[in-house]
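Listed below are the residues making up each chain.
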Amino acid sequence: MRPLLEHISNPAQRALAARVLDSFERHALPMLPGLRAQVIHNDLNPHNVLVAPDDHSRIAGIIDFGDMVHAPLINSLAVAAAYQVSETGHPLEMVAAMVAAYHQLVPLEPVELDLLFDLITTRMVLTVAISGWRAARYPENHAYILRNNLQAWARLTRCDTLDRTDAQAYLRQACRVE
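Criteria and cut-off values
Within each chain, residues carry numbers counting from 1 in the order of the written sequence. In keeping with the predicted nature of the model, local features appear solely for residues at pLDDT of at least 70, side-chain atom pairs appear and are counted solely at 80 or more, and the whole-chain, interface and lining totals rest on all residues. Remark: hydrogens and water are excluded; side-chain values derive from all non-hydrogen atoms of the structure. Predictor confidence is given residue by residue as pLDDT, running from a minimum of 0 to a maximum of 100. Only DSSP runs of H or I with at least four residues qualify as helices, and only runs of E with at least two residues qualify as strands; both kinds are numbered from the N terminus onward. By definition, a salt bridge exists where a carboxyl oxygen of Asp or Glu is found within 4 Å of a side-chain nitrogen of Lys or Arg. To get an axis, fit a line to the C-alpha atoms, keeping to the stretch in contact for a helix; angles then go from 0 to 180 degrees between the N-to-C directions. Crossing handedness is read from the near helix: turned anticlockwise from the far helix by less than a right angle, it gives a left-handed crossing, and turned clockwise, a right-handed one. It only takes one pair of heavy atoms within 4.5 Å for two residues to be counted as in contact. Residues are grouped as follows: nonpolar covers Ala, Val, Leu, Ile, Met, Phe, Trp, Tyr, Cys and Pro; charged covers Asp, Glu, Lys and Arg; every other residue, Gly included, is treated as polar. Here, patches come from residues exposed beyond 30% relative accessible area and free of salt bridges, joined within 9 Å for like charges and within 5 Å for nonpolar side chains (Val, Leu, Ile, Met, Phe, Trp, Tyr). Note on areas: Shrake-Rupley, 1.4 Å probe, and residue coverage restricted to the protein chains presented here. In this scheme, a residue with accessible area under 20% of its type's maximum is buried, one over 50% is exposed, and one in between is partly exposed, where area comes from a 1.4 Å probe on protein chains only. Strand pairing is assigned whenever DSSP identifies at least 2 bridges connecting the two strands. Grouping buried Ala, Val, Leu, Ile, Met, Phe, Trp, Tyr and Cys residues that are joined through side-chain atoms within 4.5 Å yields what is termed a nonpolar core. Two rings from Phe, Tyr or Trp (for Trp, the six-membered ring) form a pair when their centres are within 6.5 Å of each other. A pair whose planes differ by under 30 degrees is stacked, one over 60 is edge-to-face, and the rest are tilted. Think of it as a cone above the ring: NZ of Lys or CZ of Arg counts as a charge over the ring if it is within 6 Å of the ring centre and within 35 degrees of the ring normal. A cavity here means a set of points on a 1 Å grid, drawn over the protein atoms and nothing else, where a 1.4 Å probe fits but cannot get out; a pocket is an open set with protein on both sides within 12 Å along at least five of seven lines, and a residue lines either one if it has an atom within 4 Å of a point. Grid points are joined across faces, edges and corners, and a volume is the space filled by probe spheres set on the points.

1. Describing the confidence of the model for the protein
Here comes step 1: Counting all residues, the mean pLDDT for the protein is 93, and 99% of those residues have values of 70 or more.
Here comes step 2: For the protein, per-element mean pLDDT is lowest for strand E1 (residues 37-40), which scores 86, and highest for helix H1 (residues 11-28), which scores 98.

2. Focus on the pattern of salt bridges
Here comes step 1: According to the stated counting rule, one finds eight salt bridges in the structure shown.
Here comes step 2: Of the charged contacts, one joins Asp160 and Arg19 as a salt bridge, the two residues approaching to 2.9 Å between their closest N and O atoms. You can see Asp160 sitting in the loop between helix H6 (149-159) and helix H7 (164-175) and its partner Arg19 sitting in helix H1, a full 141 residues away along the chain.
Here comes step 3: Within the structure, one salt-bridge network assembled from shared partners comprises Arg2, Asp22 and Glu25.

3. A look at the packing of H1 against H6
Here comes step 1: One way to put it is that H1 packs onto H6 with a least axis distance of 11 Å and a crossing angle of 60°. H1 and H6 meet at a crossing whose hand is left-handed. Residue-level contacts link Gln13, Leu16, Ala17 and Val20 of H1 to Trp153, Leu156 and Thr157 of H6.
Here comes step 2: Here the residues of the contact of H1 with H6 are counted per class, giving five nonpolar, two polar and no charged.

4. Remarks on a nonpolar patch on the surface
Here comes step 1: A cluster of nonpolar side chains, namely Val39, Ile59, Ile62, Phe65 and Met68, defines an oily patch on the protein surface of about 470 Å² accessible area.
Here comes step 2: Residue Ile62 is classed as partly exposed on the basis of its relative accessible area of 38%.

5. Comments concerning the pairing of strand E3 (residues 55-62)
Here comes step 1: The pairing of strand E2 (residues 49-52) with E3 spans four bridges and is classified as antiparallel. Across the sheet, Leu50 pairs through a bridge with Gly61, a residue of E3.
Here comes step 2: Where E2 hands over to E3, the hairpin turn is made up of two residues, counted between the paired strands.

6. Some remarks on the nonpolar core
Most often, soluble globular proteins have nonpolar side chains that are buried together.
Here comes step 1: Leu92, Val95, Val99, Leu116, Leu119, Ile120 and Leu171 are the most contacted members of the largest nonpolar core, which has 41 residues in total.
Here comes step 2: Looking at this core, the elements that each hand over two or more residues are H1, helix H2 (73-81), helix H3 (93-105), helix H4 (110-137), H6 and H7.
Here comes step 3: Not counting the four nearest positions on each side in its chain, Leu116 is found in contact with Ile74, Leu77, Ala78, Val99 and Leu171.

7. Focus on the packing of aromatic side chains
Here comes step 1: One pass over the full model with this rule turns up zero aromatic pairs.
Here comes step 2: The ring of Tyr144 is capped by Arg147, whose NZ or CZ atom sits 3.9 Å from the centre of that ring.

8. So, the layout of surface pockets
Here comes step 1: Approximately 790 Å³ is the volume attributed to the largest pocket.
Here comes step 2: Lining the largest pocket are 28 residues, with Asn45, Tyr83, Arg123, Thr127 and Asn148 sitting closest to its centre.
Here comes step 3: Listing elements by their share of the lining of the largest pocket, those giving two or more residues are H4, helix H5 (142-145) and H6.
Here comes step 4: The leading source of residues in the lining of the largest pocket is H4, at six residues.
Here comes step 5: Here the lining of the largest pocket is composed, by residue class, of nine nonpolar, ten polar and nine charged.
Here comes step 6: One number sums up the size of the second largest pocket: a volume of about 390 Å³.
Here comes step 7: In this structure, the second largest pocket is lined by 19 residues; those nearest its centre are Leu44, Val49, Ile59, Ile62 and Ala80.
Here comes step 8: Counting residues per element, the lining of the second largest pocket draws most heavily on H2, which supplies four residues.

9. Examining unusual backbone geometry
Here comes step 1: The phi dihedral of Arg176 falls on the positive side, at around 55°, and the residue is not glycine.
Here comes step 2: Mapped onto the elements, Arg176 comes out in the segment after H7.
Here comes step 3: Taking the relative accessible area as the measure of exposure, Arg176 reaches 77% and is therefore exposed.

Right, dumping it as structure tokens:
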């Protein structure tokens, strides 16, 4: 991903993306081989979730399995949670609610919880770095390719206000894991 950061024109945003990748490489990357793994959707975002027509709070299905891979199962939750960063209040408020609900059905291991913040922020960096690179390659489709970047940068900037240790504690508390 590092070579793709050159396509992020704003120096402050490029530095933020580099810091996230540094944290990922230092904390998450060495731990990934030891995590529980399975086939995951790997792109569970709001555009890929179908809700019941008569009850929008009930999920009726999931679409777009083109990014499916065998990977740590926590990655699937991290991808979905990356779209839940709160615009107001605590940045992880909605993330914590999602993670706690997931944890009730699929209990997370402490190490998975501790890596989750790194994986969430790294997902957002992947979004902005890959779309920036694609927009540079296909300038005629620039607007479409970058349509989600503003939101991804806003979420990433909100997460940057948090200390990694505080984020870990917040998510552990939501799941009642010591």
